[in-house]
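What the coordinates show
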Amino acid sequence: MEKRLTSTRPLTEQKGKTKFCALCGNVATQEALFEVEGSVTLIEKYCDMCIKKIK
């Protein structure tokens, strides 16, 4: 599966549930949106340190 980063945005709180970083497991603060196979959008959550690694 090939994915291409299209944008990032701050993670908004979702009913008090804690979300975790897809890379390191720390608390997520950012969302990254990826285009997959031309028409599907994949959203992954990252901490501030890891979001810098994928940009």
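Everything below is about the structure printed above this text.
The structure contained in this document is the topic of the report that follows.

Rules behind the numbers
Residues numbered from 1 in each chain as written. Predicted model: local features only at pLDDT ≥ 70, side-chain atom pairs only at ≥ 80, totals over all residues. Heavy atoms only, no water. Phe/Tyr/Trp six-rings, centres within 6.5 Å; stacked < 30°, edge-to-face > 60°. Lys NZ or Arg CZ within 6 Å of the ring centre and 35° of its normal. Helix = DSSP H or I, 4+ residues; strand = E, 2+ residues; numbered from the N terminus. Contact = heavy atoms within 4.5 Å.

**Notes on the packing of aromatic side chains**
- For the structure shown, the criterion picks out zero aromatic pairs.
- Taking NZ or CZ as reference, Lys3 lies 4.6 Å from the ring centre of Phe34, over its face.

**As for the environment of Thr41**
- Tracing the backbone shows Thr41 in strand 3 (residues 40–46).
- Sequence separation between Thr41 and Glu31 is ten residues; the distance between their C-alpha atoms is 12 Å.
- Dropping the residues within four chain positions of it, Thr41 is found in contact with Leu33 and Phe34.

**Concerning the environment of Gln14**
- Along the chain, Gln14 turns up in the loop between strand 1 (3–10) and strand 2 (30–36).
- With residues up to four places along the chain from it excluded, the contact list for Gln14 reads Lys19 and Glu31.

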